[in-house]
Amino acid sequence: MGSCFSSPAHSEVLGYEVDTINSVQYSNHTGYRSTKGQVLNSQDLEDIITGLRSNDLLHYSHLLTGYCGAKSFLKQVHRLVLELRGNGGVTFVCDPVMGDNGQMYVPSDLLPVYRDQLAPVADILTPNQFEAELLSGMEIRTEAEGLKAIDHLLSRGTKCVIITSMEVQSAVDKLVLLAKNKNGESARVEFPKIPARFTGTGDLFSALLLAWSHEGLQCACEKAVSTMHAVLRRTLKCALEMSKGAEPSVEQIELRLVQSKRDIEHPPPYLPLPNHN
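Below, the structure is looked at part by part. This structure is a prediction, so every number in the text was calculated from the model and none was measured.

Side note on the nonpolar core
F92 and Y114 are the most contacted members of the largest nonpolar core, which has 47 residues in total. Mapped onto this core, the elements with two or more residues apiece are α2 (42-54), α3 (71-86), β4 (91-94), α4 (110-121), α5 (129-136), α6 (143-155), β8 (160-168) and β9 (171-181). The element that contributes the greatest number of residues to this core is α4, accounting for seven residues. Not counting the four nearest positions on each side in its chain, F92 is found in contact with L63, T65, V81, R85, L118, V121, A122, D123 and I124. Counting residues in each nonpolar core, the second largest holds 36 residues, with C160, L177, A207 and V225 among its members.

Printed below as a string of structure tokens:
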């Protein structure tokens, strides 16, 4: 459930039957200069839920949310999670898409809904560094601060928190994933920065993580990261070929998901970065 630029297709490749609800119906993703289309509100979502309910189809094993553009829609998602749990249980994976690099790109009134309603009932929460700061109210500049923010979110009800990418002051050439759950599992994955800006990586990561979550936290994170990195490397290579070495356009750097089908199905082995200290 979200903008669905990438997650349904590769979830299906990995063996999940997916029913997609577009929270927005846009001409293109928001990485482009302009975007036109419609934003679904709570009544739009309730109409779809009513149709599923009336046919006794409101039974799902997982619910994955991504980009949402309206506060009323998010509040309806919260009610849906509670109803699905009453129908026999559901694993709720919440990607709290709000912004990145210090800037929000959704209305600010979505933050309280994510923080106070959706995050506490999420089985898996996948914020980036900036979103984790927003949800926890804490500044994150080190791994220790990242773990403190994770502990805060776990204390408020979330079962597993994964900060999908962190820039740490001690390493300018790499990113770090940090994760922890209430069962005592933790995970840490390092991966090199790729010098480009991509759109849709959060959707991709959350769906991959959902698909591999049954294999344990560290393994799921490693498989999601290794697949993600393979997709991004291929995307950048193709984009630079199209741009003849110049900075690629937004269109040229669209994620190469179809070309990466094998990496999605069979994640490359995760190779930890060498320690140069």
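As for α4
Here α4 contains twelve residues, and its C-alpha end-to-end distance of 16 Å stays within 8% of the 16 Å for a straight helix at 1.5 Å per residue. Buried within α4 we find L110, L111, V113, Y114, L118, A119 and V121. Looking straight down α4, one finds that the buried residues subtend no more than 145° of arc, so they occupy a single side. Its buried side turned inward, α4 meets α3, β4, β7 (124-125) and α5.

Digging into the pattern of salt bridges
Applying the stated criterion to the full structure yields 17 salt bridges. In this structure, D116 and R156 form a salt bridge, with 3.4 Å as the shortest nitrogen-oxygen distance. In this pair, D116 sits in helix α4 while R156 sits in the loop between α6 and β8, placing the two residues 40 residues apart along the sequence. We note a salt bridge from E133 to R141, for which the minimum N-O separation is 2.6 Å. On the accessibility criterion, E133 (16% relative accessible area) is buried.

A closer look at the environment of H29
Along the chain, the position of H29 falls in the loop between β1 (24-26) and β2 (37-39). Owing to a relative accessible area of 6%, H29 belongs among the buried residues under this scheme. Each C-alpha atom of the pair H29 and S186 lies 33 Å from the other, and the pair is 157 residues apart in sequence.

A few points about the environment of S155
Among the structural elements, S155 can be located in helix α6. Of note is the side chain of S155, whose polar atom sits 2.5 Å from the backbone oxygen of H152.

Focus: the packing of aromatic side chains
By the definition in use, this model includes one aromatic pair. The ring of W212 carries K223 above its face, with NZ or CZ at 4.2 Å from the centroid.

A look at unusual backbone geometry
Although it is not a glycine, D56 adopts a positive phi angle of roughly 55°. Note on placement: D56 falls in the loop between α2 and β3 (62-65). A relative accessible area of 55% places D56 in the exposed class. Phi at K244 takes a positive value of approximately 55°, unusual for a residue other than glycine. If you trace the backbone, K244 turns up in the loop between α8 (217-243) and α9 (261-265).

A closer look at the pairing of β3
Each regular strand shows side chains that alternate between the opposite faces of the sheet. The pairing of β3 with β4 spans four bridges and is parallel. What sits directly across from H62, in β4, is T91. Taken together, β3, α3 and β4 form a β-α-β motif whose crossover is right-handed.

Focus: the side chain of T235
Considering the arrangement of structural elements, one finds T235 in helix α8. Assessed through its relative accessible area of 0%, T235 is described here as buried. Non-local contacts of T235, meaning those with residues more than four positions away in its chain, are made with F198, I253, E254, L255 and R256.

Things to note about the packing of helix α7 (residues 201-212) against α8
Where α7 contacts α8, the two axes come as close as 9 Å, and the packing angle between them is 140°. For the pair α7 and α8, the crossing hand works out as right-handed. Here α7 contributes T201, L204, F205, L208, L209 and W212 to the contact with α8, which in turn contributes A220, C221, K223, A224, V225, T227, M228, V231 and L232. Per-class residue counts for the contact of α7 with α8 are twelve nonpolar, two polar and one charged.

How each quantity is defined
- Residues numbered from 1 in each chain as written.
- Predicted model: local features only at pLDDT ≥ 70, side-chain atom pairs only at ≥ 80, totals over all residues.
- Heavy atoms only, no water.
- Core = buried A, V, L, I, M, F, W, Y, C linked by side-chain atoms within 4.5 Å.
- Buried < 20%, exposed > 50% of the residue type's maximum accessible area, 1.4 Å probe, protein only.
- Helix = DSSP H or I, 4+ residues; strand = E, 2+ residues; numbered from the N terminus.
- Contact = heavy atoms within 4.5 Å.
- Expected span 1.5 Å × (residues − 1).
- Arc of directions from axis to C-beta.
- Salt bridge = Lys/Arg side-chain N within 4 Å of Asp/Glu carboxyl O.
- Polar contact = N/O pair within 3.5 Å; in protein donor to acceptor, adjacent residues only side chain to side chain.
- Phe/Tyr/Trp six-rings, centres within 6.5 Å; stacked < 30°, edge-to-face > 60°.
- Lys NZ or Arg CZ within 6 Å of the ring centre and 35° of its normal.
- Pairing = 2+ DSSP bridges.
- Right-handed = clockwise from strand over helix to strand, strands pointing away.
- Axes fitted to C-alpha atoms, helices over the stretch in contact; angles between N-to-C directions.
- Left-handed = near helix turned anticlockwise from the far one by under 90°.
- Nonpolar A, V, L, I, M, F, W, Y, C, P; charged D, E, K, R; others polar.

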